[in-house]
Structures are given as structure tokens and as C-alpha cells.
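Coordinate analysis (summary)
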Amino acid sequence: MPKQVDGTTHAGRFAPSPSGDLHLGNLRTALLAWLFARSTGRRFLVRVEDLDRVRPGAEERQLADLATIGLDWDGDVVHQSARLPLYDAAIARLQRAGLTYECFCTRKEILQAASAPHAPAGAYPGTCRNLTDAERDERRASGRPPALRLRAGTDKFTVEDELHGRYTGTVDDLVLRRGDGTPAYNLAVVVDDAAQGIDQVVRGDDLLSSAPRQAYLAGLLGLPAPTYAHVPLALNAEGKRLAKRDGAVTLADQAELGQTPADVLAALARSLGMAADGEIVTLTQLLDRWDPESVPADPWIFHG
Ligand code: GLU
């Protein structure tokens, strides 16, 4: 049995962006996050990451789908849009410490500069880091509201991941606040996870490369970094991320094919090697069978 922790102070979470319906890969990630949390005595929290890309009705459907396959969570669902003062306070703290600067670059400029030889993949090349006062005034006068970036003191950081082991990745001068005033994803996640007592982050492995940035940022804010488990994604037959066009990818699509929520849970369990063909399983059974070591390392290929 995995090591037990105090559920009053430790939590895991699922943090969907309400930009559309959850597909089976998202549900599988949610199931894994629930199993990781519940098997260790943690609370399980749901946080809606609604700082951008909100599609009306998506949140309600996402929460209903989680509940329909039987996942339960503790306390109220938290919304990032209701927590802006927390992000403001964290940004102000970094500003006071001299760890921020304004960035006037357009997306296109960043892409061009970042594709220069020797630039670490996906890293901001630091174009606006050392502007003189005069240069900054000139750019401010151009009218484009600047983004606020972190003045990072390293270009790499190492995190511990339950599935990937020690993982070292790029840290760059990440955006803290976008030009439109919205707190950036990396900042909000770090602030929320710590504020909510989340010490175990289970999510898709497309975010593994963000973990070093986030853990580094947590340290600068005096916050503990969580442990991570980045789980394999669901891909379509071509090896691309699962999307709507790949067939019956949502619970509602599956229902139209006559698949009950129990059938879908069974399919997710099978994809994790936790149920036999044709076997219907409950979440309690899955919790009994759960062994984090046996999470498949490879993506789940979904064949429509
Ligand atoms: N909201 C993010 C997403 O839906 C997940 C963020 C996270 O788990 O840190 O992709």
C-alpha cells in the first residue's frame, strides 16, 4: 500500500481548463489523479482553471462527467477567476524582490528569437531583460501593454517525478502576468497548489517540461514544491493528441454508442492494465488494485 499521509494537510487535485468537454484521455488523467490521492489518504480537490479560454457550459459538463464515472472530490470547486488577489500578491512579492521585468515582445518576435541556434527549445531568449530606461520608455510609448516576466536566476531546475524519476528541465524568464493583465498559467498554478495544500500534482505528461519552471518559481515565493506524477496522454491512431474528430472521445459520445459510464470506467481501467477484458470494475476495486509502479509508461492509443 502506498505511504499514507495526513489528509487534513495533504491534497492531490485535478485542474481542468473549461475550454471544452473532457475526452477519455482527460478522464483517465483525472482517474489517475484520484487514485494517486485517495490511495495515499490525501484529499482530492478540483480546481477550474478559468483564467482564459472559457467555453460556456464546459465547466458544468466537465464536473458532471467526473461525477458520472464516480470520481468524488472534497470541498467546493475552486475557480481561478475568483482568486486574482492571491496572484496579485505573489506577483507583487516578486516585484519587490526585483525579480521581474516588463516584456514588450510580440509572439512573433519571441518565436523568431527562440529559433536562433543554441536557444533552449521553448525558452524566452531574454530580449527585454536588460533594456535601458530609455529603451523601456520608448517601448512603453508605443502603446502595447507589456507582459511581466520573471528574472530567473537559473536556466535549469530539477524536480522529482513519481513516474519519470529525477527530471531536469529548462527554466526561463517565464511570463507572470500577460500583457492583457491576466496572471499567467505557471504563476497561478504555483500559487494555487501551495494555497490549497496540494503537495501531489498528477497531470498529463505534456506538462512535465513545465514542472521545473513551476517548482523553481515556488521556491522563489517561499512555497514548497509538490511531488509530481506526469502520466501518459491518450493519443489517436496517428500518435497525435486525442481530439474531437477522433471519434467517440467523450462520455456523451460513448453514451450515444450505448456505452454506460461503468463501461467507460472499465475501458479506462483496462487501458491502465487494471481490469480484464469484459470486466466491470468499481472505483473501490480500482483503489484496492492500485499500484503506481504499474502505470503504463507509454501513451494510450485510442482507436475510435
Ligand atoms: N489546466 C491545465 C490543463 O487543463 C492543467 C494544469 C495543471 O494540471 O497544472 O491542461
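Computed from a prediction, not measured in an experiment: that's the story for all the values here.

Across its full length, the protein holds 10 helices and 12 strands. In terms of overall size, the protein behaves like a compact globule, its C-alpha atoms giving a radius of gyration of 21 Å where 304 residues would be expected to give roughly 19 Å. Projected onto its principal axes, the C-alpha coordinates of the protein cover approximately 70 × 45 × 35 Å. For the protein, with 304 residues in total, the buried portion stands at 45%. The contacts in the protein between residues at least 6 apart in sequence include a share of 77% that link residues at least 24 apart. Surface accessibility of the protein: about 14600 Å² in total, with carbon and sulfur atoms responsible for 52%. Separation between the mean location of the 34 positive side-chain charges and that of the 41 negative ones in the protein comes to 6 Å.

To continue, consider the packing of aromatic side chains. Two aromatic rings, taken as a pair, are described by how far apart their centres are and by the angle between their planes. For the coordinates displayed, the defined rule picks out three aromatic pairs. Taking 4.9 Å as the distance between ring centres and 75° as the angle between the ring planes, the aromatic pair formed by phenylalanine 36 and tryptophan 290 counts as edge-to-face. Note that phenylalanine 36 is positioned in helix H1 (residues 24–38) and tryptophan 290 in the loop between helix H10 (283–289) and strand S12 (300–301), a separation of 254 residues in sequence. Under the relative-accessibility criterion, phenylalanine 36 is labelled buried at 2%. Residue tryptophan 290 is classed as buried on the basis of its relative accessible area of 7%. Here the aromatic rings of tryptophan 300 and phenylalanine 302 are separated by 5.8 Å at their centres, their planes lie at 75°, and the arrangement is edge-to-face. Each member of the pair, tryptophan 300 together with phenylalanine 302, is buried.

To continue, consider the sheet that holds strand S4 (residues 100–103). Taken in spatial order, the three strands of this open sheet run S4-S5-S8, and their pairing is antiparallel. Of all the strands in the sheet, the pair left with one neighbour each is S4 and strand S8 (175–177). Here the strands of the sheet are splayed against their neighbours by 45° on average, with no regard to which way each runs.

Attention now goes to the packing of helix H6 (residues 185–195) against helix H7 (residues 211–220). Running from N to C, H6 and H7 cross one another at 60°; their axes reach a closest spacing of 9 Å. Between H6 and H7, the angle is such that the two are oblique. In terms of crossing hand, the pair formed by H6 and H7 is right-handed. Side by side, H6 and H7 meet where Tyr185, Asn186, Leu187, Val189 and Val190 of the first sit next to Arg213, Gln214, Leu217 and Ala218 of the second. Tallied by class, residues from the contact of H6 with H7 come to six nonpolar, two polar and one charged.

Attention now moves to the site of the ligand. As a matter of local geometry, the ligand sits amid Arg13, Ala15, Pro16, Ser17, Glu49, Tyr185, Val189, Arg203 and Leu207. With respect to the ligand, the backbone of alanine 15 contributes an N or O atom lying 2.7 Å from a nitrogen atom. Within the contact set of the ligand, an oxygen atom lies 2.9 Å away from a side-chain nitrogen or oxygen of tyrosine 185. Considered on its own, the ligand offers 300 Å² of accessible surface; in the complex 76% of this is hidden by protein. When its residues are assigned to classes, the shell around the ligand shows five nonpolar, one polar and three charged.

The rules behind these values
- Residues numbered from 1 in each chain as written.
- Predicted model: local features only at pLDDT ≥ 70, side-chain atom pairs only at ≥ 80, totals over all residues.
- Heavy atoms only, no water.
- Helix = DSSP H or I, 4+ residues; strand = E, 2+ residues; numbered from the N terminus.
- Rg over C-alpha atoms; globule rule 2.2 N^0.38 Å.
- Buried < 20%, exposed > 50% of the residue type's maximum accessible area, 1.4 Å probe, protein only.
- Contact = heavy atoms within 4.5 Å.
- Areas by Shrake-Rupley, 256 points an atom, 1.4 Å probe, with all protein chains shown as cover.
- Lys, Arg positive; Asp, Glu negative; His and termini not counted.
- Charge placed at Lys NZ, Arg CZ, Asp CG, Glu CD.
- Phe/Tyr/Trp six-rings, centres within 6.5 Å; stacked < 30°, edge-to-face > 60°.
- Pairing = 2+ DSSP bridges.
- Axes fitted to C-alpha atoms, helices over the stretch in contact; angles between N-to-C directions.
- Parallel < 35°, antiparallel > 145°, perpendicular 65-115°, else oblique.
- Left-handed = near helix turned anticlockwise from the far one by under 90°.
- Nonpolar A, V, L, I, M, F, W, Y, C, P; charged D, E, K, R; others polar.
- Near = heavy atom within 4 Å.
- Polar contact = N/O pair within 3.5 Å; in protein donor to acceptor, adjacent residues only side chain to side chain.

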